[in-house]
Amino acid sequence: MITQIPVLFCALILDRICGDPKTSLHPVALIGRFIGWWGRPELYPPAFQRSVGILGWFITVFIFTITFALFQVLAPWYLYLLCAPFLLKICFAWRALEEHAADVMHALSGEERAQKASLLVSRDTSALNEEQTLSAAFESVAENLNDSIIAPLFWFLLLGLAGAAMYRAVNTMDAMLGYTDERRNLGWFAARMDDILSFIPARICGFLLLIIYTLKGRLKPAWHTFIHDRKKRPGFNGGISISLVAGGEGVLFEKPGVYRIGERKTDLRQAGPSIIKTVRLTILLFCLFTCIALVLLAGAPKMYGI
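Residues numbered from 1 in each chain as written. Predicted model: local features only at pLDDT ≥ 70, side-chain atom pairs only at ≥ 80, totals over all residues. Heavy atoms only, no water.

## Examining the overall build of the protein
Test applied: In DSSP terms, a helix is any run of H or I states spanning at least four residues, a strand is any run of E spanning at least two, and both are numbered starting from the N terminus. Every radius of gyration here is taken over C-alpha atoms, with the globule rule written as 2.2 Å times N^0.38, N being the number of residues. Accessible area is worked out with a 1.4 Å probe on protein chains only. A residue is then buried under 20% of its type maximum, exposed over 50%, and partly exposed in between. Methods summary: accessible areas were calculated by the Shrake-Rupley approach with a probe of 1.4 Å, and residue burial reflects only the protein chains presented.
When helices and strands are counted, the protein shows 12 helices and 2 strands. Overall, the protein shows an N-to-C arrangement of helices and strands of α-α-α-α-α-α-α-α-α-α-α-β-β-α. The C-alpha radius of gyration computed for the protein amounts to 20 Å, which stays within 12% of the reference 19 Å derived for 306 residues, consistent with globular compactness. Each principal axis of the C-alpha distribution contributes one length, and for the protein these read about 55 × 55 × 35 Å. Counting the 306 residues in the protein, one finds 51% classified as buried. Total accessible area on the protein is roughly 15100 Å²; 67% of this is exposed by carbon and sulfur atoms.

See below:
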(Lines give C-alpha, C1' and ligand atoms only; values in the text may rest on other atoms or scores of the structure.)
Protein backbone atom coordinates (compact mmCIF):
# COMPACT_ATOMS: atom_id res chain seq x y z
CA MET A 1 0.00 0.00 0.00
CA ILE A 2 2.83 2.41 0.83
CA THR A 3 4.14 2.04 -2.75
CA GLN A 4 1.06 3.95 -3.91
CA ILE A 5 2.59 7.20 -2.61
CA PRO A 6 5.60 7.48 -4.98
CA VAL A 7 3.46 6.20 -7.88
CA LEU A 8 0.85 8.88 -7.18
CA PHE A 9 3.32 11.76 -7.06
CA CYS A 10 5.32 10.55 -10.06
CA ALA A 11 2.10 10.32 -12.06
CA LEU A 12 1.14 13.87 -11.08
CA ILE A 13 4.58 15.12 -12.12
CA LEU A 14 4.30 13.25 -15.42
CA ASP A 15 0.94 14.87 -16.06
CA ARG A 16 2.26 18.37 -15.35
CA ILE A 17 5.26 17.81 -17.65
CA CYS A 18 3.61 15.94 -20.51
CA GLY A 19 -0.12 16.45 -20.29
CA ASP A 20 -2.25 14.12 -22.41
CA PRO A 21 -0.65 12.95 -25.67
CA LYS A 22 -2.76 14.14 -28.60
CA THR A 23 -3.03 10.81 -30.38
CA SER A 24 -5.85 8.54 -31.45
CA LEU A 25 -3.85 5.68 -29.92
CA HIS A 26 -4.32 6.96 -26.36
CA PRO A 27 -5.94 4.09 -24.40
CA VAL A 28 -8.89 6.27 -23.34
CA ALA A 29 -9.43 7.29 -26.98
CA LEU A 30 -9.35 3.63 -27.98
CA ILE A 31 -11.89 2.64 -25.35
CA GLY A 32 -13.99 5.63 -26.45
CA ARG A 33 -14.03 4.26 -30.00
CA PHE A 34 -15.05 0.86 -28.65
CA ILE A 35 -17.94 2.46 -26.74
CA GLY A 36 -18.87 4.38 -29.88
CA TRP A 37 -18.94 1.10 -31.80
CA TRP A 38 -21.43 -0.70 -29.56
CA GLY A 39 -23.11 2.31 -27.95
CA ARG A 40 -25.43 3.24 -30.83
CA PRO A 41 -29.14 3.05 -29.94
CA GLU A 42 -30.21 2.61 -33.56
CA LEU A 43 -28.53 -0.82 -33.61
CA TYR A 44 -30.93 -2.33 -31.08
CA PRO A 45 -34.70 -2.62 -30.60
CA PRO A 46 -35.86 -0.39 -27.69
CA ALA A 47 -36.87 -3.41 -25.60
CA PHE A 48 -33.27 -4.71 -25.58
CA GLN A 49 -31.36 -1.45 -25.10
CA ARG A 50 -31.09 -1.60 -21.31
CA SER A 51 -29.83 -5.19 -21.43
CA VAL A 52 -27.32 -4.30 -24.15
CA GLY A 53 -26.19 -1.30 -22.08
CA ILE A 54 -25.54 -3.49 -19.04
CA LEU A 55 -23.68 -6.13 -21.05
CA GLY A 56 -21.67 -3.49 -22.91
CA TRP A 57 -20.78 -1.84 -19.59
CA PHE A 58 -19.31 -5.03 -18.13
CA ILE A 59 -17.41 -5.91 -21.32
CA THR A 60 -15.95 -2.39 -21.62
CA VAL A 61 -14.87 -2.25 -17.98
CA PHE A 62 -13.27 -5.70 -18.26
CA ILE A 63 -11.39 -4.88 -21.46
CA PHE A 64 -9.97 -1.63 -20.11
CA THR A 65 -9.23 -2.89 -16.59
CA ILE A 66 -7.74 -6.34 -17.18
CA THR A 67 -4.31 -5.15 -18.41
CA PHE A 68 -3.91 -2.80 -15.46
CA ALA A 69 -5.04 -5.52 -13.03
CA LEU A 70 -2.67 -8.16 -14.43
CA PHE A 71 0.27 -5.77 -14.33
CA GLN A 72 -0.60 -4.79 -10.77
CA VAL A 73 -0.69 -8.43 -9.64
CA LEU A 74 2.14 -9.95 -11.69
CA ALA A 75 4.79 -7.24 -12.07
CA PRO A 76 7.80 -7.37 -9.72
CA TRP A 77 7.98 -4.38 -7.37
CA TYR A 78 10.78 -2.59 -9.23
CA LEU A 79 8.97 -2.85 -12.57
CA TYR A 80 5.76 -1.74 -10.90
CA LEU A 81 7.40 1.38 -9.48
CA LEU A 82 8.91 2.17 -12.87
CA CYS A 83 5.81 1.69 -15.04
CA ALA A 84 2.86 2.30 -12.72
CA PRO A 85 3.12 6.13 -12.90
CA PHE A 86 2.69 5.96 -16.69
CA LEU A 87 -0.32 3.65 -16.38
CA LEU A 88 -1.91 5.81 -13.69
CA LYS A 89 -1.33 8.92 -15.78
CA ILE A 90 -3.52 7.39 -18.50
CA CYS A 91 -6.45 7.38 -16.09
CA PHE A 92 -6.63 11.08 -15.15
CA ALA A 93 -6.31 14.42 -16.92
CA TRP A 94 -5.22 17.45 -14.88
CA ARG A 95 -3.07 19.54 -17.20
CA ALA A 96 -5.32 18.81 -20.20
CA LEU A 97 -8.34 20.12 -18.29
CA GLU A 98 -6.55 23.39 -17.55
CA GLU A 99 -5.35 23.68 -21.13
CA HIS A 100 -8.86 23.28 -22.54
CA ALA A 101 -10.17 26.01 -20.23
CA ALA A 102 -7.26 28.28 -21.19
CA ASP A 103 -8.01 27.70 -24.87
CA VAL A 104 -11.57 28.95 -24.33
CA MET A 105 -10.38 32.02 -22.40
CA HIS A 106 -7.75 32.97 -24.98
CA ALA A 107 -9.86 32.37 -28.08
CA LEU A 108 -9.69 35.32 -30.46
CA SER A 109 -13.29 35.23 -31.65
CA GLY A 110 -16.71 34.16 -30.45
CA GLU A 111 -16.81 31.38 -33.03
CA GLU A 112 -13.44 30.02 -31.94
CA ARG A 113 -14.46 30.31 -28.27
CA ALA A 114 -17.65 28.33 -28.91
CA GLN A 115 -15.72 25.68 -30.83
CA LYS A 116 -13.18 25.28 -28.02
CA ALA A 117 -15.92 25.12 -25.37
CA SER A 118 -17.75 22.41 -27.35
CA LEU A 119 -14.79 20.11 -26.66
CA LEU A 120 -15.55 20.35 -22.94
CA VAL A 121 -19.35 20.19 -22.78
CA SER A 122 -22.20 18.49 -24.61
CA ARG A 123 -24.44 21.58 -24.87
CA ASP A 124 -24.75 23.63 -28.06
CA THR A 125 -22.26 26.47 -27.56
CA SER A 126 -22.84 28.23 -30.88
CA ALA A 127 -25.59 30.52 -29.55
CA LEU A 128 -23.93 31.40 -26.22
CA ASN A 129 -22.51 34.81 -25.36
CA GLU A 130 -18.97 35.15 -23.99
CA GLU A 131 -19.91 34.81 -20.31
CA GLN A 132 -22.11 31.78 -20.98
CA THR A 133 -19.36 30.14 -23.03
CA LEU A 134 -16.84 30.73 -20.25
CA SER A 135 -19.42 29.37 -17.82
CA ALA A 136 -19.61 26.14 -19.81
CA ALA A 137 -15.82 25.84 -19.75
CA PHE A 138 -15.36 26.52 -16.04
CA GLU A 139 -18.36 24.42 -15.05
CA SER A 140 -16.56 21.58 -16.78
CA VAL A 141 -13.38 22.41 -14.84
CA ALA A 142 -15.31 22.39 -11.54
CA GLU A 143 -17.12 19.14 -12.29
CA ASN A 144 -14.08 17.39 -13.73
CA LEU A 145 -12.02 18.33 -10.70
CA ASN A 146 -13.76 15.26 -9.31
CA ASP A 147 -14.54 13.18 -12.40
CA SER A 148 -11.18 13.52 -14.16
CA ILE A 149 -8.82 13.83 -11.19
CA ILE A 150 -10.02 13.21 -7.61
CA ALA A 151 -12.21 10.18 -8.37
CA PRO A 152 -9.69 8.15 -10.43
CA LEU A 153 -6.99 8.93 -7.86
CA PHE A 154 -9.36 7.90 -5.05
CA TRP A 155 -10.01 4.53 -6.72
CA PHE A 156 -6.28 4.12 -7.37
CA LEU A 157 -5.51 4.60 -3.69
CA LEU A 158 -8.28 2.17 -2.78
CA LEU A 159 -7.83 -0.57 -5.40
CA GLY A 160 -4.58 0.27 -7.19
CA LEU A 161 -4.19 0.65 -10.94
CA ALA A 162 -7.18 -1.60 -11.56
CA GLY A 163 -9.38 0.79 -9.58
CA ALA A 164 -8.21 3.84 -11.53
CA ALA A 165 -8.74 2.04 -14.86
CA MET A 166 -12.17 0.83 -13.81
CA TYR A 167 -13.30 4.34 -12.91
CA ARG A 168 -11.87 5.83 -16.11
CA ALA A 169 -13.84 3.33 -18.21
CA VAL A 170 -17.03 3.91 -16.21
CA ASN A 171 -16.78 7.70 -16.42
CA THR A 172 -16.01 7.59 -20.15
CA MET A 173 -19.14 5.52 -20.75
CA ASP A 174 -21.22 7.97 -18.74
CA ALA A 175 -19.77 10.90 -20.70
CA MET A 176 -20.68 9.22 -23.99
CA LEU A 177 -23.97 7.48 -23.17
CA GLY A 178 -25.41 8.97 -19.97
CA TYR A 179 -27.94 11.37 -21.52
CA THR A 180 -31.73 11.69 -21.57
CA ASP A 181 -31.99 11.70 -25.37
CA GLU A 182 -32.17 8.62 -27.62
CA ARG A 183 -29.26 7.14 -25.62
CA ARG A 184 -31.27 7.11 -22.39
CA ASN A 185 -32.03 3.38 -22.16
CA LEU A 186 -28.67 2.27 -23.54
CA GLY A 187 -26.76 4.54 -21.16
CA TRP A 188 -28.98 4.17 -18.09
CA PHE A 189 -26.76 1.60 -16.35
CA ALA A 190 -23.55 3.50 -17.23
CA ALA A 191 -24.98 6.69 -15.70
CA ARG A 192 -26.10 4.95 -12.50
CA MET A 193 -22.76 3.21 -12.02
CA ASP A 194 -20.91 6.47 -12.55
CA ASP A 195 -23.12 8.08 -9.90
CA ILE A 196 -22.33 5.27 -7.47
CA LEU A 197 -18.57 5.22 -8.06
CA SER A 198 -18.38 9.03 -7.93
CA PHE A 199 -20.47 9.38 -4.76
CA ILE A 200 -17.70 9.26 -2.14
CA PRO A 201 -15.00 11.06 -4.20
CA ALA A 202 -17.43 13.91 -4.98
CA ARG A 203 -18.03 14.47 -1.30
CA ILE A 204 -14.34 14.29 -0.48
CA CYS A 205 -13.81 16.88 -3.23
CA GLY A 206 -16.52 19.07 -1.70
CA PHE A 207 -14.96 18.79 1.77
CA LEU A 208 -11.56 19.84 0.40
CA LEU A 209 -13.12 22.82 -1.41
CA LEU A 210 -14.73 23.91 1.86
CA ILE A 211 -11.30 23.80 3.55
CA ILE A 212 -9.76 25.90 0.78
CA TYR A 213 -12.54 28.49 0.78
CA THR A 214 -12.32 28.66 4.57
CA LEU A 215 -8.63 29.53 4.21
CA LYS A 216 -9.56 32.10 1.54
CA GLY A 217 -12.20 33.67 3.79
CA ARG A 218 -14.95 32.60 1.36
CA LEU A 219 -16.62 29.82 3.36
CA LYS A 220 -19.94 31.60 3.92
CA PRO A 221 -20.76 32.33 0.24
CA ALA A 222 -19.46 28.91 -0.82
CA TRP A 223 -21.63 27.16 1.75
CA HIS A 224 -24.67 29.32 0.97
CA THR A 225 -24.49 28.50 -2.74
CA PHE A 226 -23.90 24.84 -1.97
CA ILE A 227 -27.02 24.65 0.21
CA HIS A 228 -29.28 26.55 -2.19
CA ASP A 229 -28.01 25.65 -5.67
CA ARG A 230 -26.33 22.24 -5.68
CA LYS A 231 -29.53 20.40 -6.61
CA LYS A 232 -30.16 22.62 -9.64
CA ARG A 233 -27.54 20.62 -11.47
CA PRO A 234 -28.91 17.25 -12.68
CA GLY A 235 -27.45 14.29 -10.80
CA PHE A 236 -26.39 14.12 -7.18
CA ASN A 237 -22.62 14.50 -7.59
CA GLY A 238 -21.74 17.23 -10.11
CA GLY A 239 -23.64 19.96 -8.30
CA ILE A 240 -21.37 19.70 -5.26
CA SER A 241 -18.15 21.02 -6.75
CA ILE A 242 -19.91 23.34 -9.22
CA SER A 243 -21.95 25.09 -6.50
CA LEU A 244 -18.99 25.38 -4.13
CA VAL A 245 -16.74 26.88 -6.81
CA ALA A 246 -19.51 29.26 -7.93
CA GLY A 247 -20.09 30.52 -4.40
CA GLY A 248 -16.46 30.51 -3.35
CA GLU A 249 -15.34 32.45 -6.42
CA GLY A 250 -18.39 34.73 -6.60
CA VAL A 251 -19.33 33.72 -10.15
CA LEU A 252 -22.48 32.65 -11.96
CA PHE A 253 -22.57 29.31 -13.73
CA GLU A 254 -25.42 29.28 -16.21
CA LYS A 255 -26.80 26.74 -18.63
CA PRO A 256 -29.44 28.83 -20.43
CA GLY A 257 -32.95 27.53 -19.87
CA VAL A 258 -31.76 24.82 -17.48
CA TYR A 259 -30.10 26.29 -14.37
CA ARG A 260 -28.29 29.23 -12.81
CA ILE A 261 -25.87 28.42 -10.00
CA GLY A 262 -24.34 31.18 -7.86
CA GLU A 263 -24.44 34.96 -8.19
CA ARG A 264 -22.34 37.05 -10.53
CA LYS A 265 -20.09 39.16 -8.32
CA THR A 266 -17.10 38.66 -10.63
CA ASP A 267 -17.03 37.85 -14.32
CA LEU A 268 -15.55 34.52 -15.29
CA ARG A 269 -12.69 35.96 -17.31
CA GLN A 270 -11.44 37.68 -14.17
CA ALA A 271 -12.16 34.71 -11.90
CA GLY A 272 -10.62 32.10 -14.21
CA PRO A 273 -7.08 32.14 -12.76
CA SER A 274 -8.48 31.84 -9.23
CA ILE A 275 -10.61 28.84 -10.23
CA ILE A 276 -7.56 27.11 -11.72
CA LYS A 277 -5.56 27.86 -8.57
CA THR A 278 -8.35 26.39 -6.43
CA VAL A 279 -8.35 23.23 -8.54
CA ARG A 280 -4.61 22.85 -8.06
CA LEU A 281 -4.85 23.38 -4.31
CA THR A 282 -7.66 20.84 -4.04
CA ILE A 283 -5.62 18.18 -5.84
CA LEU A 284 -2.53 18.82 -3.74
CA LEU A 285 -4.57 18.80 -0.52
CA PHE A 286 -6.18 15.51 -1.53
CA CYS A 287 -2.77 13.96 -2.19
CA LEU A 288 -1.39 15.28 1.11
CA PHE A 289 -4.28 13.91 3.17
CA THR A 290 -4.33 10.54 1.43
CA CYS A 291 -0.57 10.09 1.77
CA ILE A 292 -0.79 10.83 5.49
CA ALA A 293 -3.60 8.28 5.74
CA LEU A 294 -1.57 5.65 3.86
CA VAL A 295 1.46 6.17 6.11
CA LEU A 296 -0.71 5.85 9.21
CA LEU A 297 -2.37 2.71 7.88
CA ALA A 298 1.02 1.21 7.03
CA GLY A 299 2.26 1.89 10.55
CA ALA A 300 -0.89 0.73 12.33
CA PRO A 301 0.06 -3.00 12.52
CA LYS A 302 3.36 -2.20 14.25
CA MET A 303 1.70 0.34 16.52
CA TYR A 304 -0.86 -2.16 17.74
CA GLY A 305 1.43 -5.19 17.58
CA ILE A 306 -0.51 -6.88 14.82
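## Observations regarding the packing of aromatic side chains
In plain terms, the rule: Ring pairs are drawn from Phe, Tyr and Trp, using the six-membered ring of Trp, whenever the two centres fall within 6.5 Å, and their geometry is named by plane angle: stacked under 30 degrees, edge-to-face over 60, tilted for the rest. Geometrically, a charge over a ring is one whose NZ (Lys) or CZ (Arg) sits within 6 Å of the ring centre while staying within 35 degrees of the ring normal.
Across all of its chains, the model carries 11 aromatic pairs by this definition. Seen from their ring centres, W57 and F58 are 4.9 Å apart, and the 85 degrees between their planes marks the pair as edge-to-face. With a centroid separation of 5.2 Å and an interplanar angle of 90 degrees, the aromatic rings of W57 and F189 are classed as edge-to-face. With W57 in helix 3 (residues 49-74) and F189 in helix 9 (residues 184-215), this pair connects stretches of sequence that are 132 residues apart. Owing to a relative accessible area of 6%, W57 belongs among the buried residues under this scheme. Of the residues examined, F189 reaches a relative accessible area of 15% and is grouped as buried. One aromatic cluster is present, formed by W57, F58, W188 and F189 through successive ring pairs. Above the plane of the ring of W94 lies R16, whose end atom (NZ or CZ) is 4.4 Å from the centre. Cation over ring: K89 sits above F92, and NZ or CZ is 5.2 Å from the ring centre.

## What to know about the environment of T180
Topologically, T180 is positioned in the loop between helix 8 (161-177) and helix 9. Linking T180 and T60, residues 120 residues apart in sequence, is a C-alpha distance of 21 Å.

## Describing the packing of helix 3 against helix 9
Let me state the cut-off plainly: In this analysis an axis means a line fitted to C-alpha atoms, helices contributing only their contacting stretch, and an angle means the value between N-to-C directions, from 0 to 180 degrees. Roughly parallel means an angle under 35 degrees; roughly antiparallel means over 145; roughly perpendicular covers 65 to 115; every other angle is labelled oblique. Crossing handedness follows the turn of the near helix against the far one: under a right angle anticlockwise gives a left-handed crossing, and clockwise gives a right-handed one. Whether two residues are in contact is decided by their heavy atoms, any of which lying within 4.5 Å being enough. Note on residue categories: nonpolar means Ala, Val, Leu, Ile, Met, Phe, Trp, Tyr, Cys or Pro, charged means Asp, Glu, Lys or Arg, and polar means any other residue, Gly included.
At a minimum axis separation of 6 Å, helix 3 and helix 9 run at an interaxial angle of 45 degrees. With respect to each other, helix 3 and helix 9 are oriented oblique. As for the relative orientation of helix 3 and helix 9, their crossing is right-handed in sense. Here Q49, R50, V52, G53, I54, W57 and F58 of helix 3 lie close against helix 9, whose contacting residues are N185, L186, W188, F189, A190 and M193. Classifying every residue of the contact of helix 3 with helix 9 gives 9 nonpolar, 3 polar and 1 charged.

## Considering the nonpolar core
For clarity, the cut-off: Buried Ala, Val, Leu, Ile, Met, Phe, Trp, Tyr and Cys residues that are joined via side-chain atoms within 4.5 Å together make up what is termed a nonpolar core.
One finds L88, F138, F156 and F253 to be the most contacted residues of the largest nonpolar core, which totals 87 residues. At 15 residues, helix 7 (residues 130-159) tops the list of elements feeding residues into this core.

## Some details on the side chain of D195
Looking at the secondary structure, you find D195 in helix 9. Residue classification places D195 among the buried residues on the basis of a relative accessible area of 11%. Residues in contact with D195, not counting those within four places in the same chain, are F236 and N237.

## Looking at a nonpolar patch on the surface
Under the convention used in this document: Nonpolar side chains (Val, Leu, Ile, Met, Phe, Trp, Tyr) within 5 Å and like charges within 9 Å form the patches, drawn only from residues with over 30% relative accessible area and no salt bridge. For this document, the term salt bridge refers to a Lys or Arg side-chain nitrogen within 4 Å of an Asp or Glu carboxyl oxygen.
On the surface, W77, Y78, L79, L81 and L82 cluster together into a nonpolar patch covering about 560 Å² of accessible area. In this fold, L79 is placed in helix 4 (residues 77-90). Here L79 falls in the partly exposed class, since its relative accessible area comes to 32%.

## Quick look at the packing of helix 1 (residues 4-18) against helix 7
Closest axis-to-axis distance for the helix 1/helix 7 pair is 10 Å, and the angle between their directions is 155 degrees. The pairing of helix 1 with helix 7 is recorded here as roughly antiparallel in orientation. Between helix 1 and helix 7 the crossing geometry is right-handed. Residues Q4, V7, L8 and L12 of helix 1 form the contact with helix 7, whose own contacting residues are L153, F156 and L157.

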